[in-house]
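Here are the chains, one letter per residue:
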Amino acid sequence: MNGFFKVPTPINETVLNYAPGSKERKELKDALNEARAKVLDIPMYIGADEVRSNNTIDITPPHDHKHLLAKFHVSDANHVTDAINASLAAKASWEALSWEQRAAIFLKAADLIAGPYRAKLNAATMLGQSKNAFQAEIDAACEMIDFLRFNVAFMTQIYNDQPSSSKGIWNRIEYRPLEGFIYALTPFNFTAIAGNLPSSAAMMGNVVVWKPSNTQVYAANVLMEIFKKAGVPNGVINLIYPSGPIAADIIFNHADFAGIHFTGSTSVFQSIWKSIGNNIHKYKTYPRIVGETGGKDFVIAHRSADVDIVATALLRGAFEYQGQKCSAASRAYIPSNIWNELKSKLVKEVSAFNVGPVEDFRNFVNAVIDEKSFDKLANYIEEAKKDSSCEILVGGTYDKSKGWFINPTIIVTQNPKYVTMCEELFGPVLTIYVYDENKFDETLDIVNSTSEYALTGAIIAQDRYAIETATWKLRNSAGNFYINDKPSGAVVGQQPFGGARASGTNDKAGSMINLLRWVSLRTIKETFVPPTKYEYDFMKEA
Ligand code: NAD
């Protein structure tokens, strides 16, 4: 096909509001009822086949763990090998397909999510991952749609970036997919991340083996249905459910392993990096290692801060989706002059949160993902109750009889290095340290040196000198830095997302930088009238 095709200019998907009486609310409620009324049997997708192992794991809503939603078929080592083989078998045709056909497939996937699949994908995310309607909408629908549409535009920007050519020659850059297969290893907490990690690599012409988190399989299965409906050919994305170590053992020993696209915890990423390092001599090509990992995200308020802005940044930043965002505010530094006023606002608002199942739309906070997370959080809360440097300002209770419910909790500590100021808890627990309002600079040093992570953070202040000081002093403390806002809620195309230090390779999901990791450049130089003698002029006699 001849033509330099222009792709549609991406615009962020509008977030629907699900207000009472709205069309989207009715469609979502219907989709929730429909999903709850049946028990799905979820296969693996390897090449053209739906594969069942008959070794199944139950999927239950975290907020209603006695209700069976689905069973999925666990993969063993052979399924991992089959998925790799299926991906390699699909590679030649996929990488030869013109880029505009690939673009069309993923633009179609975006439109399927925006239209006929929106309610189904949101309902699956609400039930499988315990997200309320709004949290599901901004993740599963809007962010996934944005990833797909913006990435298509970024892909064309990359392909358009060509070198200059001097007289008599023509230089070209070809953006080849990587030689081998990509492993997409995805987390539980965002359906959009689960979908983006395999699809971004596939969009650039790669073939993929995708392993989601066991607690996100329910919505991953809907994403796979959408990818297939959009026209992703068999074998280009293969969805399997092995244990992490079983998959790692086969994948990181495979000569054709070309890269990992990972989002998850820091410890898992570090173990992956070590395995790849130990096996480096076995690969045909140096694998790309892209990982976005944990965070211990901060909010620091200055004495000039507006108390209502601080309160809202903390209430939304710490407790939306039960604090299970890598970007959730989980440590806050509050100046002494605003503390009393802020304290009463926080206690009042957190006590008023509705906590409960996602099917009741009045609930702002739902359950945490699983029993392991519930037990871990309960343990941190009990330890804080016993510690003389801590006080539980609000919350501190939990109940697992029906779902994994941790009531939103605020710990106030006199020890800025207390464990819950340093470690990622991944739940609705915020720790606050109140500092002397005259020690802003010293407190910035504490913020910078307290955690191994550097994902997100916020400064809240009216004083411009304070904003500038914090922006400079905390320049390595966060890959996404916010001024007078909560530290979460990055939007594709507007705030490319990712952190440094232990938080990851900072390859910025939802940007051109990320897509560049999934191509290997070939430079082509063509000379039109090549020389036919080897001698240069300087060699001639004067
Ligand atoms: P996780 O590390 O437990 O799991 C991620 C994936 O790795 C899952 O598919 C899991 O099955 C697999 N896995 C687990 N143990 C493994 C092992 N030993 N070997 C190989 N694979 C293994 O993470 P999670 O609980 O699903 O997600 C939460 C974490 O992800 C948090 O730390 C959060 O901060 C992080 N996160 C980061 C970002 C970001 O952009 N920086 C975004 C979302 C989540």
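Cut-offs applied
- Residues numbered from 1 in each chain as written.
- Predicted model: local features only at pLDDT ≥ 70, side-chain atom pairs only at ≥ 80, totals over all residues.
- Heavy atoms only, no water.
- Pairing = 2+ DSSP bridges.
- Helix = DSSP H or I, 4+ residues; strand = E, 2+ residues; numbered from the N terminus.
- Axes fitted to C-alpha atoms, helices over the stretch in contact; angles between N-to-C directions.
- Contact = heavy atoms within 4.5 Å.
- Near = heavy atom within 4 Å.
- Polar contact = N/O pair within 3.5 Å; in protein donor to acceptor, adjacent residues only side chain to side chain.
- Areas by Shrake-Rupley, 256 points an atom, 1.4 Å probe, with all protein chains shown as cover.
- Nonpolar A, V, L, I, M, F, W, Y, C, P; charged D, E, K, R; others polar.
- Domains from an automatic or database assignment.
- Buried < 20%, exposed > 50% of the residue type's maximum accessible area, 1.4 Å probe, protein only.
- Core = buried A, V, L, I, M, F, W, Y, C linked by side-chain atoms within 4.5 Å.
- Patch = residues over 30% accessible without salt bridge, like charges linked within 9 Å, V, L, I, M, F, W, Y side chains within 5 Å.
- Salt bridge = Lys/Arg side-chain N within 4 Å of Asp/Glu carboxyl O.
- Buried area = accessible area lost by both parts, 1.4 Å probe.

Caption draft 1: Quick look at the sheet that holds strand S4 (residues 56–59). With mixed pairing, the three strands of this open sheet are ordered in space as S1-S5-S4. Lying at the two open borders of the sheet, with one neighbouring strand each, are strand S1 (40–42) and S4. On average, each strand axis in the sheet is inclined to that of its neighbour by 25°, with strand direction left out of account. Two strands pair when backbone bridges link them, and S4 and strand S5 (residues 70–73) are joined in this way by four bridges, in the antiparallel orientation. Bridge pairing in S5 links Ile57 to Phe72. Packed on one face of the sheet, helix H7 (residues 217–230) meets S1, S4 and S5 and runs near 75° to S1.

Caption draft 2: Focus on the sheet that holds strand S20 (residues 456–460). Spatial strand order, S14-S17-S18-S13-S12-S20-S21: seven strands in an open sheet with mixed pairing. Each of the sheet's edge strands pairs with one partner strand only, and the pair in question is strand S14 (390–394) and strand S21 (480–483). Taken pair by pair, the neighbouring strands of this sheet meet at an average axis angle of 20°, ignoring direction. Two strands pair when backbone bridges link them, and strand S13 (residues 329–335) and strand S18 (residues 429–435) are joined in this way by five bridges, in the parallel orientation. Considered in S18, the bridge of Ala332 is made with Ile432.

Caption draft 3: Focus on the site of the ligand. Close to the ligand lie 25 residues; Thr186, Lys211, Ser265, Thr293 and Glu424 are nearest. Interatomic distance of 3.0 Å between a backbone N/O atom of Phe188 and an oxygen atom of the ligand. A distance of 2.6 Å is found between an oxygen atom of the ligand and a side-chain nitrogen or oxygen belonging to Ser265. Surface burial for the ligand is 83%, taken as the share of its 840 Å² of free accessible area covered by protein chains. Those elements that provide at least two residues to the shell around the ligand are helix H8 (244–251) and strand S10 (257–263). For the shell around the ligand, a count of residues per class yields 12 nonpolar, 10 polar and three charged. Inspection of the shell around the ligand shows a minimum of three residues originating in each of domain 1 (23–293 + 504–525) and domain 2 (297–483).

Caption draft 4: Up close: the pairing of S18. For S18, a buried count of six out of seven residues is recorded, marking the element as mostly surrounded by other parts of the structure. Relative to S18, strand S17 (residues 409–413) is paired through five bridges, and the arrangement is parallel. Across the sheet, the residue bridging to Ile410 is Leu430, located in S18.

Caption draft 5: Representation of the nonpolar core. In terms of nonpolar packing, the biggest core is built from 108 residues, with Trp210, Ile251, Phe252 and Ile260 touching the most fellow members. At 14 residues, the largest contribution of residues to this core is made by helix H5 (residues 133–160). Here Phe252 is in contact with Tyr183, Phe257, Ile260, Ile272, Ser275, Ile276, Asn279 and Tyr283, once residues within four sequence places are set aside. With 30 residues, the next largest nonpolar core counts Val310, Ile334, Leu346 and Ile432 among its residues.

Caption draft 6: Region of interest: a nonpolar patch on the surface. A cluster of nonpolar side chains, namely Tyr534, Tyr536, Phe538 and Met539, defines an oily patch on the protein surface of about 580 Å² accessible area. Secondary-structure assignment places Tyr536 in the segment after strand S23 (519–527).

Caption draft 7: Inspection of unusual backbone geometry at higher detail. Residues other than glycine seldom take positive phi values, yet Asn506 does so here, at roughly 55°. Within the fold, Asn506 resides in the loop between strand S22 (500–501) and helix H16 (512–516). Here the phi dihedral of Lys508 falls at roughly 50°; this positive angle occurs in a residue that is not glycine. Along the polypeptide, Lys508 turns up in the loop between S22 and H16. Its relative accessible area of 13% is what places Lys508 among the buried residues.

Caption draft 8: Here's a closer look at the domain arrangement of the protein. Assigned domains within the protein: domain 1 (23–293 + 504–525) and domain 2 (297–483). Using only C-alpha atoms to locate each centre, domain 1 and domain 2 end up separated by 31 Å. At the interface, 27 residues of domain 1 touch 28 residues of domain 2. Interface area, domain 1 with domain 2, both sides summed: about 2,300 Å², of which 58% is carbon and sulfur. At the boundary of domain 1 with domain 2, the tally comes to two salt bridges. For Lys402, the salt bridge is made with Asp64, and the minimal N-O distance between the two is 3.2 Å. Joining domain 1 to domain 2, the criterion identifies 16 residue pairs in polar contact (both at pLDDT 80 or more). Of all the secondary-structure elements, those providing two or more residues to the side of domain 1 that touches domain 2 are helix H1 (23–36), helix H4 (118–129) and H5. Ranked by the residues each element gives to the side of domain 1 that touches domain 2, the list is headed by H1, at five residues. Looking at the side of domain 1 that touches domain 2 residue by residue, the classes come out as nine nonpolar, 11 polar and seven charged.

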